[in-house]
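# Structural description and commentary
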Amino acid sequence: MFCRQCEQTQDHIACRSVGICGKSAETSAMQDGLVHLLKRMGVMATAARGAGANEKEMYQVNWWTLRSAFSTLTNVNFDEERIAEFIREGLTIQKKLEELIQSKGGKVPNLDPVAIGDTDTASLEEFGYTVSVPKLKDCMGNDDCFSLVEIGTYGAKGVCAYAAHCHQLGYMNEEVMAGLHEVFAKLASNEADMNGLLANVLRVGELNGKVLAMLDEAHASNFGVPEPTQVKVTATEGKAILVSGHDLKDLEELLKQTESTSINVYTHGEMLPAHSYPGLKKYPHLVGNYGTAWQAQKFEFSTFPGPVIVTTNCILEPRRMYKDRIYSMNEVGVSGVKHLESRDFSEVIAKAKECKGFPKTITPAQYHTVGFNHRAVLPLAGDVIEGVKKGDISRIFLIGGCDGSQFDRNYFTELAEELPEDTLILTLGCAKNRFIHSQKLLNQTLANGMPRIMDMGQCNDSYSAIVVATELAKALDCTVNDLPLSLCLSHLEQKAAAVLLTLLNMGVKNIRLGPSLPAYITPNVLNVLVENYNLMPTGNVHDDIKGMMAGR
Ligand code: FS2
Ligand code: SF4
């Protein structure tokens, strides 16, 4: 295996025998085969649209594209057999697309000679090894161009994941899907076309911007406008179910089905912002949030006294002590873990009744405030601008992105703790778990009474940060780069890569990225990013704070 799609990759080179995430060489090979098929599907789907295929005719390939790509993200699907199923389903869809193109008088593209043959699991795995990263890189013969292929591929996977969340909420955009298929088609070509590949990378960012806007709209239209809300982060006596991942629709359905059971429902990880939506917080048995970010789940799921549902990323290979009470949904998969094929939670509810639940506790309740969506922050824009003008707010920071287990991720805790107390901190994604519970930062307010830390939500809510930045720039008649704003992003996986590309496509400069740069960026490609966007790796916290406070 050779996987370097995420930041935590082994030795910052690549995972080569088993993933740091736990992914096996077999699953990795199967995912390589699936990604190969995704790119070829991009060629076929683009040809089908060129021949006149309409939205309805493209639905099956669109949905397959989103689910398949999502299943190859870090910490989503470790089940080789489920990945093999995606390949088999894709090959059937590809055949149908060929027939569709022919029926419309179009020309079926001649896909390259690297074609998938036998479809039994062993043969598919064998095929995967022939299209691994080193093989494709050698075949292209240009490391910098291949670096752009990897950036485009990982970013496009992130866009597909966000678009899959939209689909769960009833939203799919044919124009975006056409764009995504064109991106994959470009990635399929083996041409060392530096400028074309660079444009393709920025197109990924542009498409992701549209998808994030759609996701924001999908959340608000399904569950109402999010509002700042205090969430209890300590336990409540009684039987309990824990829901992790990002898909709020799954949570809503569980809340309906548990309404008259006296079972309490808790959010975990990126489900935390669910508490800010009127359509979800109206359920009194959505009692609170339990635990922190994904990388702590082995401990947190072990100690939770009830079943756990993982709706989307991130999942880790479960410990034996909770393997019989964890359930996966949607694209998530781990061999031996029960997968829920629909939103029928009766088995989970029965399991919750068998489990102990939380005893009565005398620990004082603790709370965290969520819900600073752009709709809640923009009415405060006048106060923020006035605060900046009066000198009450010295600078605004966006500290967001992924959390992870490495020690050097403490950079983001130290950063938040060491920033001057008159700075406003906006945050989103799971990186916030590095500092939101810090005693040093709890309940801080700015001179004008505004909360000093505003939690804007999941990384799926990145659109909120984009709206706030662009609206502040409009109000001050300047560009986002001229705002007293510094962006510090903690990246790990492919959704974060997509968000970074969106910011670059918008022309946002001076972003600090950490805790280390991705292994798939070559020095020459990094130079391009530094020259055009002044992208910087995170460094020493104190030096970085000095630089950022000085607007660098
Ligand atoms: Fe966390 Fe990163 Fe979950 Fe986001 S691991 S911020 O891209 O998907 O959340
Ligand atoms: Fe390694 Fe990340 Fe790939 Fe997992 S997803 S195998 S941790 S590079």
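Residues numbered from 1 in each chain as written. Chains lettered and ligands numbered in written order. Predicted model: local features only at pLDDT ≥ 70, side-chain atom pairs only at ≥ 80, totals over all residues. Heavy atoms only, no water.

Under an unreviewed UniProt entry, the name given to the protein chain is Hydroxylamine reductase, and the organism recorded is Cyclotella atomus.

Before going further, it helps to examine the overall build of the protein chain. The helix and strand tally for the protein chain stands at 20 helices and 14 strands. Here the C-alpha atoms of the protein chain give a radius of gyration of 23 Å, agreeing with the 24 Å that 2.2 N^0.38 yields for 552 residues. Dimensions of the protein chain, computed from the C-alpha atoms along their principal axes, are close to 65 × 60 × 45 Å. Among the 552 residues that make up the protein chain, the fraction classed as buried is 61%. By sequence separation, contacts in the protein chain at least 24 residues apart represent 75% of the contacts at least 6 residues apart. For the protein chain, the exposed area adds up to about 20,800 Å²; of that, 51% sits on carbon and sulfur atoms. If the 52 positive side-chain charges of the protein chain are averaged to one point and the 65 negative ones to another, these points end up 3 Å apart. (Helix = DSSP H or I, 4+ residues; strand = E, 2+ residues; numbered from the N terminus. Rg over C-alpha atoms; globule rule 2.2 N^0.38 Å. Buried < 20%, exposed > 50% of the residue type's maximum accessible area, 1.4 Å probe, protein only. Contact = heavy atoms within 4.5 Å. Areas by Shrake-Rupley, 256 points an atom, 1.4 Å probe, with all protein chains shown as cover. Lys, Arg positive; Asp, Glu negative; His and termini not counted. Charge placed at Lys NZ, Arg CZ, Asp CG, Glu CD.)

Moving on, we get to unusual backbone geometry. Glycine aside, a negative phi is what most residues show, and trans is what most peptide bonds show. The omega angle of the peptide bond from Asn-313 to Cys-314 is 10°, so this bond is cis rather than trans. Topologically, Cys-314 is positioned in the loop between strand 5 (308–310) and helix 12 (320–323). Of note, the amide linkage connecting Gly-514 to Pro-515 takes the cis form, showing an omega dihedral of 5°. Its place among the elements puts Pro-515 in the loop between strand 13 (512–514) and helix 19 (523–533). For His-12, which is not glycine, the phi torsion reads 55° and is therefore positive.

This part is about the environment of Cys-314. With a relative accessible area of 9%, Cys-314 lands in the buried category. Between the alpha carbons of Cys-314 and Trp-294 there is a distance of 5.8 Å; along the sequence they are 20 residues apart.

This paragraph deals with the site of ligand 2. The immediate surroundings of ligand 2 are formed by 13 residues, with Cys-3, Cys-6, Cys-15, Cys-21 and Thr-74 found nearest. In terms of residue class, the shell around ligand 2 is made up of six nonpolar, five polar and two charged. (Near = heavy atom within 4 Å. Nonpolar A, V, L, I, M, F, W, Y, C, P; charged D, E, K, R; others polar.)

Glancing now at the sheet that holds strand 5. The sheet built from six strands is open, its strands ordered 4-3-2-5-6-7 with parallel pairing. Unpaired on one side and paired on the other, strand 4 (286–289) and strand 7 (338–340) mark the two borders of the sheet. Going across the sheet, the axis of each strand differs from the next one's by a mean of 30°, ignoring polarity. In the sheet, strand 3 (residues 264–267) pairs with strand 4 via three bridges, with the strands oriented parallel. Across the sheet, residue Thr-267 finds its bridge partner in strand 4, namely Asn-289. (Pairing = 2+ DSSP bridges. Axes fitted to C-alpha atoms, helices over the stretch in contact; angles between N-to-C directions.)

For the rest of this paragraph, the subject is the layout of surface pockets. The method is simple in principle: a probe with the dimensions of a water molecule rolls over the atoms, and the space it marks as empty is what remains. Its volume calculated, the largest pocket comes out at about 520 Å³. Taken together, 44 residues form the lining of the largest pocket, with Leu-489, Val-499, Leu-500, Leu-501 and Leu-503 sitting closest to its centre. Looking at the lining of the largest pocket, the elements with two or more residues in it are helix 6 (143–168), helix 8 (194–223), strand 9 (395–401), strand 10 (423–428), helix 17 (462–475), strand 12 (485–490), helix 18 (494–505) and helix 19. The element contributing the most residues to the lining of the largest pocket is helix 18, with seven residues. Of the residues contributing to the lining of the largest pocket, the split by class is 38 nonpolar, six polar and no charged. (1 Å grid on protein atoms, 1.4 Å probe; cavity = no way out; pocket = protein on both sides within 12 Å on 5 of 7 lines; lining within 4 Å. Points joined across faces, edges and corners; volume = space filled by probe spheres on them.)

Within the structure, ligand 1 sits among His-246, Glu-270, Trp-294, Asn-313, Gly-401, Cys-402, Gly-429, Cys-430, Cys-459, Glu-493, Lys-495 and Ala-496. A distance of 3.1 Å separates an oxygen atom of ligand 1 from a polar side-chain atom of His-246. A distance of 2.8 Å separates an oxygen atom of ligand 1 from a polar side-chain atom of Glu-493. More than half of the atoms belonging to ligand 1 lie within 2 Å of the grid points that define the second largest cavity. Residue composition of the shell around ligand 1, by class: five nonpolar, four polar and three charged. (Polar contact = N/O pair within 3.5 Å; in protein donor to acceptor, adjacent residues only side chain to side chain. Sits in = over half its atoms within 2 Å of the grid points.)

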